[in-house]
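Chains, contacts and geometry: an overview
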Amino acid sequence: MTAASPLVPPLILAAPHPAALTAARRAAERGGNAVDAALAAAAALTVVYPHQCSLGGDLIALVHAPGGSVRAVVSAGAAAQAVDVEALRAADRRMPAQGPQTVTVPGVVAGWTALADAHGTPGALAAALRDAAELAEGGATVSAGLARAMRERAPQIAADHGLTALLTGPAGVPLVEGDPLSQPQLAAVLRTLADDPSSFYRGSVADALADGLRRAGSPLTVSDLAAHQAEDSEPLTLDVAGTRWWTAPPPSQGASLLAVLETAASAAKLPEPERTGVLAARCQDASAARDLLLGDPLGPSPVDLDGLLRPAPLAGARPPEPSFRPAGDTVAITAVDASGLAVSLIQSVYQTFGSGICDPETGIVLHNRGSAFSLLPGHPALIGPGLRPPHTLCPVLGRSAELLLAAGCQGGRAQPQILAQTVPELMDPAADPTAVLDRPRWVIGARDIGHETQTLLAEPGSVPAGAFPSVVPVVVTPGRTDLAGHTQAVRLSADGRLDGASDPRADGGTILEGNPL
């Protein structure tokens, strides 16, 4: 444990990259709380993980206040007011997977500000943004994960001037693992935001970003940016097996997570392989319901929340299939301190390198959340002016008489499946979080996990023989796979003990900071 002021309460944080842990430690050493540390980690990740998150992405978070109340911060950006739905339909029956038409208003910065204003220490966010600016100016290097993403997306990078400038060296040679990742334009933006975060939506950063979006072919304007606000929402809840669970409301897929958590609790005492079979079937039902029913509650078509929470069994019907695989997806950060302040924060550019566009003037990689919209008339996720797309981001909090848990994961559409295999056991105070996250897992999907038809993708040892109906093929991976998610989890026990773990499939870890009160 790092030495700190006696006035600093203990906190624990889990994140997927060492730079995020360093940033969180700095925030804690300055006297920050769990939210301050999480925001510092989040800012650092936008520098070192441009393939997974950036200032040009979205954010959804849950916060447990020391008094026990829980709120959701949903900072998911909307489509442009000038979006041309008929032109999109004329081009294809589905939304494009990437490109300028998939860029919605980025919500990350507004989400950070909302969290800082409601729960942070004065000045902590500004300090974190200045730390991130230093990292962008010369302190970051190319991680193994970023290097893999660059190899996999080399044609996409070559097609975009901004990404090419970001990810190639002085001689025009692509960067490799360990190379310096210098981002002077992003550093300048981060310093501007440290002085005035609102400038991202109404100010110099907004003006520069809107110009870049226009040049890239996006219909987003300064007016669209100025209209964005993070939403402070009532979370969804589920009480089961002595635990209260909280997830974010639509357009998050939090309802799908509650649906499978309820089944996980009811199936907990079943023998294997029946238990795994029941849970896997419920995960498939919940995924199908989400694809049919999830959208923006602010849209013209109501969201069937009851249908999401209680998905109808597929009973052999073919579930809807996504049009592409949203690889890369997400970073999750979780933190809790001794006061009972806990946060699960998830931010993302959605697909690897998002829309495939990096604005050269600001160095901001722009997400492709708009690709999740539907073009089908009457669908709850139908794209429209000022509407938000359905979201995979799915933070979760759990509380029992013995324990407070904050958890989240990478994993795209499979996030509810991944969390349902981990968080119920994490609510046992005797469980070792490292061992729980180390255990093999499975996910069900189609194109979203790299298969043309519905498939159960299983890490070795995760699925007992006969656990799933034979009509769905089971493919066993050679070893751990990123598709099984990168889960981050931290806990506060009733006796004041802090513990947690970072998924071994990721590059991060945990920090424990502060002195006993």
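Everything discussed here concerns the structure shown above.
Quick summary incoming for the structure in this document.

Each value, and the rule that gives it
- Residues numbered from 1 in each chain as written.
- Predicted model: local features only at pLDDT ≥ 70, side-chain atom pairs only at ≥ 80, totals over all residues.
- Heavy atoms only, no water.
- Helix = DSSP H or I, 4+ residues; strand = E, 2+ residues; numbered from the N terminus.
- Rg over C-alpha atoms; globule rule 2.2 N^0.38 Å.
- Buried < 20%, exposed > 50% of the residue type's maximum accessible area, 1.4 Å probe, protein only.
- Areas by Shrake-Rupley, 256 points an atom, 1.4 Å probe, with all protein chains shown as cover.
- Core = buried A, V, L, I, M, F, W, Y, C linked by side-chain atoms within 4.5 Å.
- Contact = heavy atoms within 4.5 Å.
- Salt bridge = Lys/Arg side-chain N within 4 Å of Asp/Glu carboxyl O.
- Pairing = 2+ DSSP bridges.
- Axes fitted to C-alpha atoms, helices over the stretch in contact; angles between N-to-C directions.
- Polar contact = N/O pair within 3.5 Å; in protein donor to acceptor, adjacent residues only side chain to side chain.
- Parallel < 35°, antiparallel > 145°, perpendicular 65-115°, else oblique.
- Left-handed = near helix turned anticlockwise from the far one by under 90°.
- Nonpolar A, V, L, I, M, F, W, Y, C, P; charged D, E, K, R; others polar.
- Disulfide = S-S within 2.5 Å.
- Expected span 1.5 Å × (residues − 1).

**Section: the overall build of the protein chain**
If you tally the helices and strands in the protein chain, you get 17 helices and 18 strands. For the protein chain, whose C-alpha radius of gyration is 21 Å, the value lies close to the compact-globule estimate of 24 Å for 517 residues. When its C-alpha atoms are laid out on the principal axes, the protein chain stretches across 65 × 60 × 45 Å. For the protein chain, the residues scored as buried account for 62% of the 517 residues in total. Summing over all exposed atoms, the protein chain offers an accessible surface of approximately 18,400 Å²; the carbon and sulfur share of this is 55%.

**Overview of the nonpolar core**
Buried together is how nonpolar side chains tend to be arranged in soluble globular proteins. Membership of the largest hydrophobic core comes to 86 residues, with the highest contact counts inside it found for L13, L55 and W112. If sequence neighbours within four positions are ignored, L13 has contacts with L21, A24, A37, A38, A41, I333, T334, A335, V490, G509, T510 and I511. The next biggest cluster of nonpolar side chains, apart from the first, holds 44 residues, and it includes L236, A414, I444 and A489.

**Considerations on the pattern of salt bridges**
On inspection of all chains with the given rule, the structure shows 25 salt bridges. Here R497 makes a salt bridge to D499, at a shortest N to O gap of 2.9 Å. For R497, a relative accessible area of 36% puts it in the partly exposed group. A salt bridge links D503 to R505; its shortest N-O distance comes to 2.8 Å. Pair check on accessibility: D503 and R505 agree, each one buried. Several salt bridges share partner residues, and in doing so they unite R441, E459, D503 and R505 into one network.

**Focus: the sheet that holds strand 15 (residues 474-476)**
By definition, the strands of a sheet pair up through backbone hydrogen bonds, in either a parallel or an antiparallel sense. Read across the open sheet, the three strands follow the order 13-14-15; overall the sheet is mixed. Each edge of the open sheet carries a strand with a single partner, namely strand 13 (442-445) and strand 15. Each adjacent strand pair in this sheet contributes to an overall mean axis angle of 20°, direction not counted. One ladder, built from four bridges, connects strand 13 with strand 14 (residues 455-458); its direction is antiparallel. Within the sheet, the bridge partner assigned to I444 lies in strand 14 and is L456. The strands touched by helix 13 (residues 274-293) are strand 13 and strand 14; relative to strand 13, the strand with the most contacts, the crossing angle is about 40°.

**Considerations on the side chain of S218**
As for its position among the elements, S218 is in the loop between helix 10 (204-216) and helix 11 (222-226). The class for S218 is buried, based on a relative accessible area of 8%. Within the structure, the side chain of S218 is placed 3.1 Å from the backbone nitrogen of L220, a separation counted as a polar contact. Apart from the residues within four sequence positions on either side, S218 is in contact with P100 and L213.

**A few points about the packing of helix 12 (residues 254-266) against helix 13**
Packed helix pairs are specified by the crossing angle of their axes together with the interaxial distance, meaning the distance between the axes. Running from amino to carboxyl end, helix 12 crosses helix 13 at an angle of 160°, the nearest separation of the two axes being 9 Å. Relative to helix 13, helix 12 is oriented roughly antiparallel. Crossing angle aside, the handedness with which helix 12 passes helix 13 is right-handed. Across the interface between the two elements, S256, A259, V260, T263 and A264 from helix 12 touch V278, L279, R282, C283, A286 and R290 from helix 13. In the contact of helix 12 with helix 13, the residues fall into seven nonpolar, two polar and two charged.

**A look at the state of the cysteines**
According to the stated counting rule, one finds zero disulfides in the structure shown. C409 provides the cysteine sulfur closest to C394, a residue in no disulfide bond, and the two sulfurs are 7.3 Å apart. A relative accessible area of 0% places C409 in the buried class.

**Observations concerning helix 4 (residues 108-119)**
Between its first and last C-alpha atoms helix 4 spans 16 Å; for 12 residues at 1.5 Å apiece the expected length is 16 Å, and the two agree. Looking at the packing, one finds that the buried side of helix 4 touches helix 2 (34-48), strand 2 (58-64), strand 3 (70-75), helix 5 (124-139), helix 9 (184-195) and strand 8 (342-351).

**Some words on the sheet that holds strand 11 (residues 396-399)**
Taken in spatial order, the six strands make up an open sheet running 5-6-11-12-16-17, and their pairing is antiparallel. The sheet terminates laterally at strand 5 (236-240) and strand 17 (498-502), the two strands that pair on one side only. Strand after strand, the sheet turns through a mean of 15° between neighbouring axes, direction not considered. With four bridges connecting them, strand 11 and strand 12 (residues 403-409) associate as antiparallel partners. The partner of L397 across the bridge, within strand 12, is A406. Here helix 12 sits on the sheet in contact with strand 5, strand 6 (243-247) and strand 11, set at roughly 0° to strand 5.

**What to know about the pairing of strand 1 (residues 11-15)**
For strand 1, a buried count of five out of five residues is recorded, marking the element as mostly surrounded by other parts of the structure. What you see with strand 1 is no split at all: L11, L13 and A15 on one side and I12 and A14 on the other are buried throughout. When strand 1 meets strand 18 (residues 509-513), the two strands line up antiparallel, connected through five bridges. Residue pairing across strands places A15 opposite G509, the latter belonging to strand 18.

**Details of the packing of helix 2 against helix 5**
Where helix 2 contacts helix 5, the axes come no closer than 9 Å and their chain directions differ by 25°. The orientation of helix 2 with respect to helix 5, classified from their angle, is roughly parallel. Classified by chirality, the crossing of helix 5 by helix 2 is right-handed. On helix 5, the residues touching D36, L39, A40, A43, A44, V47 and V48 of helix 2 are A124, L125, A128, L129, A132, L135 and A136. For the contact of helix 2 with helix 5, the class distribution of residues is 13 nonpolar, no polar and one charged.

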